[in-house]
Amino acid sequence: MKVPALSSIAGWRKEHPVPGLGKISEGTGPAGMYASILTKEIGSAVSKQLRRRGGHGSSDRPQLPAPEALESRERRVRVDGQKNSEFCAVVHSPVGANAHGGYLHALTFPLSTEVMTSGSFPLRLLGLIHLKNSVVQLRPVAVNSTIKIRSRVKEFGTHRRGVTVTILAEIWDESGELAMTDESLYLSKQASSKQKESSSHSAGQKSAASTRPDPREGMRLTARWRLAADTGRQYAKVSGDANPIHLSAASAKLFGLQGSIAHGMYCASRALGRLAADPSAPGEWNVEFGAPVLLPATVELWRDRSPSGAERRVRGIGRKARKNFELVWSPSSEDRQ
């Protein structure tokens, strides 16, 4: 796999600073973020080759430390009202006096990435698959206020395809009250022994995939999104997530993809705006990601025909009736009364 030249994303450092952080110093921002990732990946690849040449075995399975032994990150950040408005415009959501829940996630993303690029983090970032996010918003967060963010590894887990890691980001509002918890679950297929064992069952897996249930069953079509080829670039500008797989077909192909794909959290933030009358209000939302959205794309929005109580569910369904994502939202217990 070719590694893209850092100059291809260096311009993002000044032109599109990380949301809420204002001016940023050299080595930070989207370009610095992905420079750190690439540096770590290159170092990991070199170490791997040295271990093999030194006769220390070829197993790449990472040694997983206790989460509390790993580095955490904490920082105060201003919730910029103008940038929140720009975020809302990109995800087609209303603008209010409080920050969109998806924008708050975007503010936590740089710190979570720092956690995953620290020297003590045992997994390789390139190739991590974002499986789901679970968000509990306890209080609205006013724009133009200052919040405290802390990000850390909550836990590691096992998966039939590898190892999972949960990154927990927490936000405290200006009064010091806990306002949001945001758990991001990622899958690393790095040297999974289970993956190797299951390779002999690939035919059975393909058969199971061909008989999977239709994700439209029990749902009704409510909208269609027509996503342009530059959707990833537009979201990167307002979220700070300038991962090359989202920016262009050329940069995505360097990482083995057919073309650029939409950010999962773009889809989640936009869907949140459809389910919640106010996407900045207290509530819980959980999103699971499926097939990537290859840009340009048409994504159909299907909602449940028979909602359960206050809970609302929407599925994004794309090519060949494959589920791209599913988001479930419910208001806070106070709002249900």
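Just so it is clear, the model here is predicted, and its values are computed rather than measured. (Residues numbered from 1 in each chain as written. Predicted model: local features only at pLDDT ≥ 70, side-chain atom pairs only at ≥ 80, totals over all residues. Heavy atoms only, no water.)

With that out of the way, let us pick up the overall build of the chain. A count of helical and extended segments in the chain gives 11 helices and 10 strands. For the chain, the accessible surface area stands at approximately 16,600 Å², while carbon and sulfur atoms represent 48% of it. (Helix = DSSP H or I, 4+ residues; strand = E, 2+ residues; numbered from the N terminus. Areas by Shrake-Rupley, 256 points an atom, 1.4 Å probe, with all protein chains shown as cover.)

Let us now look at the pairing of strand S5 (residues 178-188). For a regular strand, the rule is simple: side chains alternate between the two faces of the sheet. Among the 11 residues in S5, nine count as buried, and that is most of the element. Taken together, the eight bridges between strand S2 (residues 129-137) and S5 define a ladder with antiparallel strand orientation. Each residue of the ladder has a partner; that of Gln137, found in S5, is Met180. Where strand S4 (residues 162-172) meets S5, 10 bridges bridge the pair, whose relative direction is antiparallel. Bridge assignment links Trp172 to a residue of S5, and that residue is Leu178. Taking the residues between adjacent antiparallel strands as the criterion, S4 and S5 are bridged by five residues, where Gly176 takes a positive phi near 95°. (Buried < 20%, exposed > 50% of the residue type's maximum accessible area, 1.4 Å probe, protein only. Pairing = 2+ DSSP bridges.)

Attention now moves to the pattern of salt bridges. Summed over the entire model, instances satisfying the criterion amount to 15 salt bridges. A salt bridge links Arg150 to Glu170, with the shortest nitrogen-to-oxygen separation between them at 3.1 Å. In this pair, Arg150 sits in strand S3 (residues 146-159) while Glu170 sits in strand S4, placing the two residues 20 residues apart along the sequence. By relative accessible area, Arg150 is classed as partly exposed at 28%. Taking the relative accessible area as the measure of exposure, Glu170 reaches 10% and is therefore buried. (Salt bridge = Lys/Arg side-chain N within 4 Å of Asp/Glu carboxyl O.)

Turning our attention to the packing of aromatic side chains. Under the defined criterion, the tally for this structure stands at five aromatic pairs. Clustering of aromatic rings is evident, with ring pairs tying together Phe87, Tyr103, Trp225, Tyr235, Tyr266 and Phe325. The positively charged end of Lys148 is found above the aromatic ring belonging to Trp172, 4.7 Å away from the centroid. (Phe/Tyr/Trp six-rings, centres within 6.5 Å; stacked < 30°, edge-to-face > 60°. Lys NZ or Arg CZ within 6 Å of the ring centre and 35° of its normal.)

As a further point, take the pairing of S3. As defined by bridge partners, strand S1 (residues 73-78) adjoins S3 across six bridges and the pair is classed as antiparallel. Note on S3: the bridge partner recorded for Val77 is Ile147. The pairing of S3 with S4 spans 11 bridges and is antiparallel. For Thr158, the partnering residue across the bridge sits in S4 and is Val163. Counting the residues that bridge the hairpin from S3 to S4 gives two residues.

Quick look at the confidence of the model for the chain now. Confidence along the chain averages 83 in pLDDT terms, with 74% of residues attaining 70 or more. For residues 1-27, every residue scores under 50 in pLDDT, and the model assigns this stretch 51 contacts once sequence neighbours within four places are set aside. Within the model, pLDDT remains below 50 along residues 193-203, and this stretch shows eight contacts once partners closer than five positions in the same chain are excluded. (pLDDT = per-residue confidence, 0-100. Contact = heavy atoms within 4.5 Å.)

Another point: unusual backbone geometry. Across residues other than glycine, the phi torsion is negative in most instances, and most of the peptide bonds are trans. Note the cis peptide between Leu295 and Pro296, where omega equals -10°. Tracing the chain through its elements places Pro296 in the loop between strand S7 (283-289) and strand S8 (297-304). Despite not being glycine, His92 has its phi angle at roughly 55°, a positive value. With respect to the helices and strands, the residue His92 is situated in the loop between helix H4 (81-90) and helix H5 (101-117).

This paragraph deals with the nonpolar core. Grouped together as the largest cluster of nonpolar side chains are 45 residues, with contacts concentrated most on Phe325 and Leu327. Grouped together as the second largest cluster of nonpolar side chains are 12 residues, Leu125, Phe156, Val165 and Tyr186 included. (Core = buried A, V, L, I, M, F, W, Y, C linked by side-chain atoms within 4.5 Å.)

Turning to the layout of surface pockets, a few remarks are in order. Space left empty within the atom packing is revealed by a probe, the size of a water molecule, rolled over the atoms. Quantified by volume, the second largest pocket comes out at close to 440 Å³. For the lining of the second largest pocket, the leading source of residues is S8, giving three residues. (1 Å grid on protein atoms, 1.4 Å probe; cavity = no way out; pocket = protein on both sides within 12 Å on 5 of 7 lines; lining within 4 Å. Points joined across faces, edges and corners; volume = space filled by probe spheres on them.)

Moving on, we get to the sheet that holds strand S10 (residues 323-331). Within the open sheet, the 10 strands sit side by side as S1-S3-S4-S5-S2-S7-S10-S9-S8-S6. Their pairing is antiparallel. Of all strands in the sheet, those bounded by a partner on one side alone are S1 and strand S6 (219-227). Taking the axes of each pair of neighbouring strands and ignoring which way they run, one obtains an average angle of 20° across the sheet. Relative to strand S9 (residues 312-317), S8 is paired through four bridges, and the arrangement is antiparallel. The residue of S9 that forms the bridge with Leu301 is Gly316. (Axes fitted to C-alpha atoms, helices over the stretch in contact; angles between N-to-C directions.)

Glancing now at the environment of Ala291. Its location among the elements puts Ala291 in the loop between S7 and S8. Owing to a relative accessible area of 14%, Ala291 belongs among the buried residues under this scheme. Measuring from C-alpha to C-alpha, the distance between Ala291 and Asn324 comes to 4.6 Å, with 33 residues separating the pair along the chain. When neighbours within four sequence positions are excluded, Ala291 is seen to be in contact with Arg322, Lys323 and Asn324.

The next thing to look at is the side chain of Thr231. Mapped onto the elements, Thr231 comes out in helix H8 (residues 231-239). For Thr231, a relative accessible area of 9% translates into the label buried.

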